[in-house]
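Here is what each chain is made of, one letter per residue.
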Amino acid sequence: MKKFLFYILLGLAAFAFLYPFIWMVSASLSEERSITDVSLWPVALTFDHYIKLFENIPIAGSFVNSVFVATIVTFGVLVFSSMAGYALARHRFKGRNLLFYFLLFTMTLPFQLTLIPNYILMVQFGWTNSFAALIFPGLLNAFAILLFRQHFLSIPQDLIDAARIDGCNEWRILFQILWPVSVPTLITVGIITFMTTWNDVLWPIIVIREEHLMTMPQLVTLFAVGGRSMGQIGMKLASATLLALPIIIAYLIFQKHFIQSMAASGQKE
Amino acid sequence: MAEVFLKNFFKRYGEVVAVSDVSLHIHDKEFVVLVGPSGCGKSTTLRMIAGLEDITSGELYIGEKQVNEVAPKDRDIAMVFQNYALYPHMTVFQNMGFGLRLKKVPKKEIKERVEAAAEIVGLTPYLKRKPGTLSGGQRQRVALGRAIVRNPKVFLFDEPLSNLDAKLRVQMRMEISKLQRTLGVTTIYVTHDQTEAMSMADRIAVMKDGVLQQFDTPMHMYDHPANLFVAGFIGSPAMNMLPGKLDELKIFKDASGLFTLDLNGYLPSSIDAGEYVLGIRPENIRGDNRLNNPFYVPIQILADVVEPMGSDSYLYFKIGDISMTARLRPETAPQEQTAATLYIDRSKIHFFYAETGLNIKN
């Protein structure tokens, strides 16, 4: 009986979380007049909002931009942060600990604090209005370095020594020996980075002006709040649904790792 | 195959001296064991030979060539680690052939060499398996196979049996010794287990606090330990040590004054009166003296604990505050908590200077 009540409670909680998403999808497929209904199913099923959305803004192009930027940034973070994490975990050099503590310190700084200096840098480099501004600042990530460092510390030194005697250089040790035994960490860092990059709106709004270079969240945000949706809630909801879709699909594929990575990011705080 | 020559090895980490002035001349095909307690510098010495640690100062020769600045992969060595250090994502075959693949050895030759090594270590049926599916003993065989495949000049072993259970350890110990003799490869083996050292080595190097204490054959070291540390470290149960004084008549009296031993004729005549430590191995204390051996001196003791080991019994008792162990034939062991007479074999005693800990025969 106790268990039954527990499941009822859990079910209600899950429903409370899921309802807004289900409503969003169902409303985006309903006629504009019926959107105020709180129905879980589409009222007078229509794809009009989606069709209009594709007619009004280059959403497909922005999707490709987002995939491109998030993929490059994720790959970059995996490569560069694992390199830094490996050096901090397994190489002895002067100032190693100082560097590590400095790195930890940067994690305490809010993004807003570095926003302006970063923007000025982008202007100086001439990277505004280009993918470079979206990609380069994200290629190294203190949290990812920390995760890799901690993981590499847990790998026995003997494994690295054996690889060295077998003839591996540092590149091979990292990418051919350590990467294959670090798949859960790679997936965790990959998911967190991809999601963070995918969902980022503020930075793209600051550095990108031209529509054909915009990422999907940026375009959808500007579309939803910028008046081009002509006040139609259905189109706004359709754009929000399309924005959430890739993350939902990724969740279904990497469900197990997603939960682990969320737990890991929880430890961060 | 090759000689290995360590000349005045030093390793410093800042102010800490991990290895201090160690010199070893290891002959071709010799099996040398570096032994000592944790932190004595034995693994650091091995890692310096492997090239995994820089040599702060000193020279290292493998064969004719000085290899201080040579990368580990080019030193022509193979190393077996305590926790096997196998690549978990590779099969046994790939693990064993990985080093050869990096050396760009032709695939056909890699296959032949891996299969030959697998045959030697009895792993032929497991070549397609991943290390995770193998037992501890099998994994250590893979590590051995990986070392054999390289056909090195020198084998380096860093406590390879520590993770195995006692029975498997004895079996692997025997197999490694046999393998080394069959292949005739110069071998340097690190362990903290003196039994392993005694049973496997051609020569043993005992280390303490980064300093080489003695480098000798197992039996010579057992019979002629250079100092108190070696005397206490080599041999199980450990040698009994009784601090005391020797007078001009060569009568030794322990610190408690309860135990005296006439050593006239058993010590060099040149030895002066003074403070010394008397060492007696447990097997040189007997439970009886049926043959009236003139070397045997009776002592009265109170038997504290008796541990029957089957082939012999360990008797624990005290002389003053010093705990002593005797290794007796089971039929001569007294009952616990009873008074008994034991016999010390004077011809087998060891004598050390109390101040320096050195053997008087040095």
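Bear in mind the structure is a predicted one, so any value in this text is a computation, not a measurement.

S.K.: What should I look at first to understand the overall build of chain B in this one?
M.R.: When helices and strands are tallied, chain B shows eight helices and 21 strands. The principal-axis extent of the C-alpha atoms belonging to chain B is close to 75 × 45 × 35 Å. Residues classed as buried in chain B amount to 41% of the 362 residues present.

S.K.: Help me understand the overall build of chain A, please; the structure alone is not making it clear to me.
M.R.: Helix and strand counts for chain A come out as 14 helices and zero strands. N-terminal to C-terminal, the α/β element order of chain A is α-α-α-α-α-α-α-α-α-α-α-α-α-α. Considering only C-alpha atoms, chain A reaches an extent of 70 × 65 × 35 Å along its principal axes. Across the 269 residues of chain A, 32% fall into the buried class. Considering only contacts in chain A between residues 6 or more positions apart, those separated by 24 or more positions represent 71%.

S.K.: When you look at the domain arrangement of chain B in this model, what are you seeing that I'm missing?
M.R.: Interfaces are often described in size by the accessible area the parts lose on coming together. Residue and element names in this part refer to chain B. You can read the domains of chain B as domain 1 (4–233) and domain 2 (240–353). Relative placement of domain 1 and domain 2: their C-alpha centres are 39 Å apart. Contacts between the two partners involve five residues from domain 1, matched on the other side by five residues from domain 2. In terms of residue class, the side of domain 1 that touches domain 2 is built from three nonpolar, two polar and no charged.

S.K.: Quick question: what am I supposed to make of the nonpolar core here?
M.R.: For soluble globular proteins, nonpolar side chains are generally found buried alongside one another. The biggest cluster of nonpolar side chains holds 151 residues, and the ones touching the most others in it are Val33, Met79, Ala143, Val154, Leu156 and Ile188 of chain B. Element by element, the count of residues in this core is highest for helix α3 (residues 59–90) of chain A, at ten residues. What Leu156 of chain B contacts, discounting residues up to four positions off in sequence, is Leu46, Ile49, Ala50, Ile77, Met79 and Ile188 of chain B.

S.K.: In this structure, what is going on with the environment of Met90 of chain B? I would like to understand it.
M.R.: Residue and element names in this part refer to chain B. Considering the arrangement of structural elements, one finds Met90 in the loop between β6 (77–80) and α2 (92–102). Between the alpha carbons of Met90 and Lys128 there is a distance of 9.1 Å; along the sequence they are 38 residues apart. Leaving out residues up to four positions away in the same chain, Met90 has contacts with Asn95 and Phe98.

S.K.: Mind showing me how you'd approach the pairing of strand β14 (residues 274–280) of chain B here?
M.R.: On a regular strand, each side chain points to the face opposite its neighbour's, so the side chains alternate between the two faces of the sheet. Residue and element names in this part refer to chain B. With five of seven residues buried, β14 lies mostly within the body of the structure. Strand direction decides the pairing type here: strand β11 (residues 240–246) and β14, joined by seven bridges, are antiparallel. Its bridge partner being in β14, Asn240 is matched across the sheet by Ile280.

S.K.: How should I be thinking about the confidence of the model for chain A in this particular structure?
M.R.: Residues shown with low pLDDT carry predicted positions that ought not to be read at fine detail. Across chain A, the average pLDDT comes to 87, with 94% of residues at or above 70. Counting interchain partners and residues more than four positions distant, the pLDDT-below-50 stretch residues 265–269 of chain A has two contacts.

S.K.: I tried to follow helix α5 (residues 166–183) of chain B on my own but got confused; where do I start?
M.R.: Every α-helix winds through 3.6 residues per turn, so residues three or four apart in the chain are directed the same way. Residues and elements named next belong to chain B. The terminal C-alpha atoms of α5 lie 26 Å apart, and with 18 residues this matches the ideal 26 Å at 1.5 Å per residue to within 8%. For α5, the set of buried residues is Met172, Ile176 and Gln180. Taken down its axis, α5 places every buried residue within 70° of arc, on the same side. Residues of α5 that are exposed and point over 90 degrees away from its buried face: Lys167, Gln171, Met174, Lys178 and Thr182. For α5, the secondary structure elements touched by its buried residues are β3 (31–35), α4 (136–149), β7 (154–158), β8 (186–191) and α6 (194–200). Looking one or two places after α5, you find Gly184, whose phi comes out positive at around 65°.

S.K.: Sorry if this is basic, but what is going on with helix α8 (residues 157–166) of chain A here?
M.R.: Within α8 of chain A, eight of the ten residues are buried, which leaves the element mostly enclosed by the surrounding structure. Where α8 of chain A is concerned, the buried positions are Leu159, Ile160, Asp161, Ala162, Ala163, Arg164, Ile165 and Asp166 of chain A. The inward-facing, buried residues of α8 of chain A contact α3 and α9 (170–178) of chain A together with α1 (42–50), β6 and α2 of chain B. A positive phi of about 110° marks Gly167 of chain A, the residue just after α8 of chain A.

S.K.: Any chance you could explain the interface of chain A and chain B here in plain terms?
M.R.: Facing 13 residues of chain A, the contacting portion of chain B comprises 17 residues. Per-element tally for the side of chain A that touches chain B: the top contributor is α8 of chain A, with seven residues. The residue inventory of the side of chain A that touches chain B, partitioned by class, reads eight nonpolar, one polar and four charged.

S.K.: Is there a simple way to think about the environment of Met79 of chain B in this case?
M.R.: As for its placement among the helices and strands, Met79 of chain B is situated in strand β6. The class for Met79 of chain B is buried, based on 31 C-beta atoms found within 10 Å. When near neighbours in sequence (up to four residues on either side) are disregarded, Met79 of chain B contacts Ile165 of chain A together with Ala50, Ala147, Leu156 and Asp158 of chain B.

S.K.: It is not clear to me how the sheet that holds strand β5 (residues 65–66) of chain B should be interpreted in this structure. Could you clarify?
M.R.: In a beta sheet, neighbouring strands are held together by backbone hydrogen bonds and run either parallel or antiparallel to one another. All names here are of chain B. Read across the open sheet, the four strands follow the order β2-β1-β4-β5; overall the sheet is antiparallel. Where the open sheet ends on each side, the last strands, each with one partner, are β2 (16–26) and β5. Pairing between strand β1 (residues 4–13) and β2: seven bridges, direction antiparallel. Counted as the bridge partner of Phe9 is Val22 from β2. Sitting on the sheet, α1 touches β1, β2 and β4 (57–62), and the angle it makes with β1 is about 115°.

S.K.: Explain the confidence of the model for chain B to me, please; I cannot follow it from the model alone.
M.R.: For chain B, per-residue confidence averages 93 on the pLDDT scale, and residues scoring 70 or more make up 100% of the total. Interface confidence in the predicted complex, given as ipTM, is 0.85; pTM for the same model is 0.84.

S.K.: What exactly am I supposed to notice about the packing of helix α3 (residues 107–121) of chain B against α4 of chain B here?
M.R.: How two helices pack is summed up by the angle between their axes together with the distance between the axes. All names here are of chain B. For the pair α3 and α4, the least separation of the axes is 9 Å and the interaxial angle reads 135°. Considering their axes alone, α3 and α4 lie oblique with respect to each other. Considering only the axes of α3 and α4, their crossing is right-handed. Here Arg113, Val114, Ala117, Ala118, Ile120 and Val121 of α3 lie close against α4, whose contacting residues are Arg141, Leu144, Gly145, Ile148 and Val149. Here the residues of the contact of α3 with α4 sort into eight nonpolar, one polar and two charged.

S.K.: Any chance you could explain the sheet that holds strand β9 (residues 203–208) of chain B here in plain terms?
M.R.: All names here are of chain B. Strand order in the open sheet formed by six strands is β6-β7-β8-β3-β9-β10, with mixed pairing between adjacent strands. Every interior strand has two partners, whereas the edge strands, β6 and β10 (211–216), have only one. Sheet twist, expressed as the average angle between the axes of neighbouring strands with direction ignored, equals 15°. As judged from the five bridges shared by β3 and β8, these two strands associate in the parallel manner. From the neighbouring strand, Phe31 faces β8, where its bridge partner is Thr187.

What counts and what doesn't
- Residues numbered from 1 in each chain as written.
- Chains lettered and ligands numbered in written order.
- Predicted model: local features only at pLDDT ≥ 70, side-chain atom pairs only at ≥ 80, totals over all residues.
- Helix = DSSP H or I, 4+ residues; strand = E, 2+ residues; numbered from the N terminus.
- Buried ≥ 20, exposed ≤ 12 C-beta atoms within 10 Å, placed from the backbone.
- Contact = placed C-beta atoms within 7 Å.
- Domains from an automatic or database assignment.
- Nonpolar A, V, L, I, M, F, W, Y, C, P; charged D, E, K, R; others polar.
- Core = buried A, V, L, I, M, F, W, Y, C linked by C-beta atoms within 7 Å.
- Pairing = 2+ DSSP bridges.
- pLDDT = per-residue confidence, 0-100.
- Expected span 1.5 Å × (residues − 1).
- Arc of directions from axis to C-beta.
- Axes fitted to C-alpha atoms, helices over the stretch in contact; angles between N-to-C directions.
- Parallel < 35°, antiparallel > 145°, perpendicular 65-115°, else oblique.
- Left-handed = near helix turned anticlockwise from the far one by under 90°.

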